[in-house]
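Each chain, letter by letter, is given below.
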Amino acid sequence: MAQHNELGRWGESQAAAFLEGKGYHVLHRDWKSGHRDLDIVAITPDGGTLVVAEVKTRRNTLFAEPSAAVDRRKIRSLTMAAHAYVQQHRVMLPIRFDIITVVAGETAQIEHIEDAFLPLPINR
């Protein structure tokens, strides 16, 4: 496996553990719908919201903040994958889109951005 894939997988593990530590219930990691995927799907601690968390992992922030990688194209892809997830699992909860950034180091630096973006309309 390529080093960047290993780093990404490590970052997703760090993010999932972070969410679980805050009381979230992680339902799925790396859920796939065709060629689209959702990094983490979880339920908020109060059980009232489905959270789709996009995880961005970097070795450092010298080039750019990890969250800057979530652009309009990525948001559209996440919207479509979340729509498929809701349909397949018959989710009746409100949905929130979060970004979790993980910067590697002696200890991982984790930032959780709740309600990071709104989904884009799905054109049929």
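What comes next concerns the included structure. All of these numbers come straight from a predicted model, not from anything done at the bench. (Residues numbered from 1 in each chain as written. Predicted model: local features only at pLDDT ≥ 70, side-chain atom pairs only at ≥ 80, totals over all residues. Heavy atoms only, no water.)

**Some thoughts on helix α2 (residues 72-89)**
Under the 1.5 Å per step criterion, the end-to-end length of α2 is 25 Å for 18 residues, consistent within 8% with the ideal 26 Å. Listed as buried for α2 are I75, S77, L78, T79, A81, A82, Y85 and V86. Its buried side turned inward, α2 meets β1 (25-33), β2 (36-43), β3 (50-58) and β4 (95-103). (Helix = DSSP H or I, 4+ residues; strand = E, 2+ residues; numbered from the N terminus. Expected span 1.5 Å × (residues − 1). Buried < 20%, exposed > 50% of the residue type's maximum accessible area, 1.4 Å probe, protein only. Contact = heavy atoms within 4.5 Å.)

**Considerations on the pairing of β1**
The pairing of β1 with β2 spans 7 bridges and is antiparallel. In the strand pairing of β2, H25 is matched with I43. As consecutive antiparallel partners, β1 and β2 are separated by 2 residues, and within that stretch G34 has a phi angle of approximately 65 degrees, a positive value. (Pairing = 2+ DSSP bridges.)

**Description of the nonpolar core**
Core analysis: the biggest nonpolar cluster contains 18 residues, and L38, L50, Y85 and F117 have the highest contact counts within it. Looking at this core, the elements with two or more residues in it are β2, β3, α2 and β4. Tallying contributions element by element places α2 first for this core, with 6 residues. The residues touching L50, leaving out its near neighbours within four places in the chain, are L27, V41, A42, I43, Y85, V86, V91, L93, P94, I95 and R96. Core analysis: the next-biggest nonpolar cluster, separate from the first, contains 12 residues, A15, Y24, I40 and V55 among them. (Core = buried A, V, L, I, M, F, W, Y, C linked by side-chain atoms within 4.5 Å.)

**Structural notes on the sheet that holds β2**
Across the sheet, 5 strands lie side by side as β1-β2-β3-β4-β5; this open sheet has mixed pairing. The strands lining the two open edges of the sheet, one partner per strand, are β1 and β5 (109-113). Recorded for the sheet is a direction-independent mean angle of 30 degrees between the axes of neighbouring strands. Looking at chain direction, β2 and β3 are connected through 4 bridges and run antiparallel. Bridge pairing in β3 links V41 to V52. Against the sheet, α2 contacts β1, β2, β3 and β4, and its axis sits at roughly 60 degrees relative to β2. (Axes fitted to C-alpha atoms, helices over the stretch in contact; angles between N-to-C directions.)

**As for the environment of A84**
Tracing the backbone through its elements, the reader meets A84 in helix α2. For A84, a relative accessible area of 23% puts it in the partly exposed group. In this structure, the C-alpha to C-alpha distance between A84 and S33, residues 51 residues apart in sequence, is 6.9 Å. Once residues lying within four places of it in the same chain are set aside, the contact partners of A84 are W31 and S33.

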